[in-house]
Amino acid sequence: MSKEAVVRLVNEQENNLKSIGEKIVDNKRITDEEGLLLFEKGSLPYLGTLANYVRENLHGQKTFFNRNFHIEPTNVCVFSCHFCSYSRLYAKRHEGWELGIDQMLDIVKKYDNKPETEVHIVGGVHPKMNLPYFAELLRKIKAHRPDLHIKGFTAVELDYMFRKAKLSIEEGLKFLQEAGLDSIPGGGAEIFAPEIREKISADKVDAVGWLAIHEAAHKMGMHSNATMLYGHIEKYEHRIDHMRQLREITRSYRRL
Ligand code: SF4
């Protein structure tokens, strides 16, 4: 949509929504309160138009995607997030699955000579699948197919592995990066606000720890993304807080 068309739509809005639109067209940041107002009062087409305006300013008409496949090493997990129907506690691991390194390599081999360029490795937090175990997996994947991009392990998995190995975030990431890890996925972010996180997933890494791992990964040249688990007990203000915290740590890496 042209800038003129966006400006026309902005001018049709009532006062507060109009001033927010004007800031976005002027490439200015909006505040938490303005974000909340957009959630509460902005129509979906208006929000979509403003979001697309920002997107096109950053990336033009380009859309990016990749072809990937997943490996889920296990659904056995030491944590007990209330929303999770995927995991099984270690005591009930007979109800779940635990893949060995050869089984995971067999999955990789199924994609030999296929157009997939990335493997996404993510699963439960298994108490016995530790840092050396996953480093061996990474090394074997890279030995088999060096060009395959490996995106692996949420900050929740990484935090557990690093603490168990008694390594700092930087030391743990370096160990995995040297074994072949290229980037990290965005799972486990859920909702950062402690009053919500403590109710839905109290026993895993908190927002400070999650963000610290992603920040460290970026400083080491890895890319990452972030999820937001919404539509449960959180309110709009918690979603805004979540996005603001992400915006703050991405500020030094991207032109947002
Ligand atoms: S950490 Fe992940 S796999 Fe484990 S219980 Fe929570 S959501 Fe489920």
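Residues numbered from 1 in each chain as written. Predicted model: local features only at pLDDT ≥ 70, side-chain atom pairs only at ≥ 80, totals over all residues. Heavy atoms only, no water.

**Student:** Account for the site of the ligand, with residues named and values stated.
**Tutor:** Around the ligand, the surrounding shell consists of C77, F79, C81, F83, C84, Y86, S87, G124 and K204. Tallied by class, the residues present in the shell around the ligand amount to 6 nonpolar, 2 polar and 1 charged. (Near = heavy atom within 4 Å. Nonpolar A, V, L, I, M, F, W, Y, C, P; charged D, E, K, R; others polar.)

**Student:** Kindly report on the packing of helix 10 (residues 207-219) against helix 11 (residues 236-250), identifying the contributing residues and their values.
**Tutor:** Contact geometry of helix 10 with helix 11 gives a least axis separation of 11 Å together with a crossing angle of 30 degrees. One way to sum up the angle between helix 10 and helix 11 is to call them roughly parallel. Considering only the axes of helix 10 and helix 11, their crossing is right-handed. Residue-level inspection shows W210, L211, H214 and E215 of helix 10 in contact with helix 11, the latter providing Q245, L246 and I249. Residue classes in the contact of helix 10 with helix 11 are distributed as 4 nonpolar, 2 polar and 1 charged. (Axes fitted to C-alpha atoms, helices over the stretch in contact; angles between N-to-C directions. Helix = DSSP H or I, 4+ residues; strand = E, 2+ residues; numbered from the N terminus. Parallel < 35°, antiparallel > 145°, perpendicular 65-115°, else oblique. Left-handed = near helix turned anticlockwise from the far one by under 90°. Contact = heavy atoms within 4.5 Å.)

**Student:** Go over the nonpolar core with me, naming the residues and quoting the values.
**Tutor:** One finds I121, F153, L158 and L176 to be the most contacted residues of the largest nonpolar core, which totals 41 residues. Contributions of two or more residues to this core are made by strand 1 (68-71), helix 5 (101-109), strand 2 (118-121), helix 6 (131-144), helix 7 (155-165), helix 8 (169-179), helix 10 and helix 11. Looking at which element gives the most residues to this core, the answer is helix 6, with 7 residues. Formed by 12 residues, the second largest nonpolar core is a distinct cluster that contains V10, L17, I20 and I24. (Core = buried A, V, L, I, M, F, W, Y, C linked by side-chain atoms within 4.5 Å. Buried < 20%, exposed > 50% of the residue type's maximum accessible area, 1.4 Å probe, protein only.)

**Student:** So what about the packing of aromatic side chains? Which residues, and what values?
**Tutor:** Under the criterion given, the structure shown has 7 aromatic pairs. Ring plane angle 80 degrees and centroid distance 5.4 Å describe the contact between Y133 and F134, whose orientation is recorded as edge-to-face. For F134, a relative accessible area of 5% gives the class buried. Through successive ring pairs, a cluster of aromatic residues spans Y133, F134 and F153. Over the aromatic face of Y90 sits the side chain of R93, whose NZ or CZ is 4.0 Å from the ring centroid. (Phe/Tyr/Trp six-rings, centres within 6.5 Å; stacked < 30°, edge-to-face > 60°. Lys NZ or Arg CZ within 6 Å of the ring centre and 35° of its normal.)

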